[in-house]
Amino acid sequence: MHGRGGWKQAEVPSADDAAGWFAGRLPDDWFTGAPEITVDREEILVVGELPPLSGEFADDAARAAAESGRISRFREDTREQRIEIARQAEHRYRRKVAWGARIGGTRELFTTLSVPVMTRLRQPERLVLDTLVDAGVARSRSEALAWAVRLVGEHAESWLTELRTAMSKVDDLRTKGPDLG
C-alpha cells in the first residue's frame, strides 16, 4: 500500500489467487465442486460440499445427525492432509487456514480463528451489550458484540458487498499512484 491511512493495518500477501491455488491443491475426491474460499486479513476459510447421503431417514433430526456424522468422518479422515495443505497455504499467504464442510442442510466449521479486536465504546453502546448479556442472548460483552456484528452482516450484505468492491477499486488506484515513501 502506498501512502498513509486506509483501512488495512499491515501488509500481507494478496490472496486473490487463493481459490485457484486451493482448487489445484485439494484432492479431487474431497468435495463435489469447488470449495467456498473466504479470505480476510488473518484467515482463509475453506468450506466444501460433501457428496450427498443416500438412504432414507426417519425424520429431519435423523438426517441432520447423519450429515453431522459424515462431516465428522471427513474431518478425521482428512486431518493429516488438511494440516499439510494449510501449512503450505499459511506459508504462501501468511494467514491461518481454517476448514469446514457442508452436506444437505448441515454446515460445520472446524479450527476457525477467534481474533480479538480492540474497540472503544461509549456508555450507550455498552448498555446495548449489557442488555444482551442480561437477557441471556450472550454470555459476555465480547459475545454480544460478535452477535451484533453477525446481525448487521446478515441484514446489510448487499451494502457490504458494494463497499468491498469500492474499497478494491481504491486499492487498485493506490497501486497505480505515485510512491510517496
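Further up the page is the structure itself.
Residues numbered from 1 in each chain as written. Predicted model: local features only at pLDDT ≥ 70, side-chain atom pairs only at ≥ 80, totals over all residues. Heavy atoms only, no water.

Moving on, we get to the overall build of the chain. Counting its regular elements, the chain contains five helices and four strands. Along the chain, helices and strands appear, N-terminal first, in the series α-β-β-α-β-β-α-α-α. Here the chain has a C-alpha radius of gyration of 20 Å; the compact-globule value for 181 residues is 16 Å, and the former is much larger. Principal-axis analysis of the C-alpha atoms places the extent of the chain at approximately 60 × 45 × 30 Å. (Helix = DSSP H or I, 4+ residues; strand = E, 2+ residues; numbered from the N terminus. Rg over C-alpha atoms; globule rule 2.2 N^0.38 Å.)

In this structure, Ala 23 sits in helix α1 (residues 18-25). Overall, the relative accessible area of 46% leaves Ala 23 in the partly exposed class. (Buried < 20%, exposed > 50% of the residue type's maximum accessible area, 1.4 Å probe, protein only.)

When you line up the elements, Arg 95 lands in the loop between α2 (60-93) and β3 (96-103). The charged side chain of Arg 95 is buried without a salt bridge, its nearest counter-charge being Asp 40 at 5.7 Å. Polar contacts involving the side chain of Arg 95 include one to the main-chain carbonyl oxygen of Pro 13, which spans 2.8 Å. Within the structure, Arg 95 has its side chain in polar contact with the backbone oxygen of Asp 40 (distance 2.8 Å). Excluding its chain neighbours within four sequence positions, the residues that come into contact with Arg 95 are Val 12, Pro 13, Ser 14, Ala 15, Val 39, Asp 40, Arg 41, Glu 42, Glu 43, Ile 44 and Glu 90. (Lys, Arg positive; Asp, Glu negative; His and termini not counted. Salt bridge = Lys/Arg side-chain N within 4 Å of Asp/Glu carboxyl O. Polar contact = N/O pair within 3.5 Å; in protein donor to acceptor, adjacent residues only side chain to side chain. Contact = heavy atoms within 4.5 Å.)

Turning next to the sheet that holds strand β1 (residues 36-39). Taking strand neighbours across the sheet as the criterion, the four strands line up as β1-β2-β3-β4 in an open arrangement whose pairing is mixed. Edge positions in the open sheet fall to β1 and β4 (106-110), since each of these has one partner strand only. Geometrically, the sheet is characterised by an average inter-axis angle of 20 degrees between neighbouring strands, direction not taken into account. Bridge analysis of β1 against strand β2 (residues 43-49) gives four bridges, and the strand direction is antiparallel. Across the sheet, the residue bridging to Ile 37 is Val 46, located in β2. Relative to the sheet, α1 contacts β1, β2 and β3, its axis offset from that of β1 by approximately 135 degrees. Along the sheet face, α2 touches β2, β3 and β4 and points at about 155 degrees away from the line of β3. (Pairing = 2+ DSSP bridges. Axes fitted to C-alpha atoms, helices over the stretch in contact; angles between N-to-C directions.)

This part is about the nonpolar core. Formed by 22 residues in total, the largest nonpolar core has its most connected members in Phe 22, Leu 26, Val 97 and Trp 99. The set of elements that each furnish at least two residues to this core consists of α1, β2, α2 and β3. (Core = buried A, V, L, I, M, F, W, Y, C linked by side-chain atoms within 4.5 Å.)

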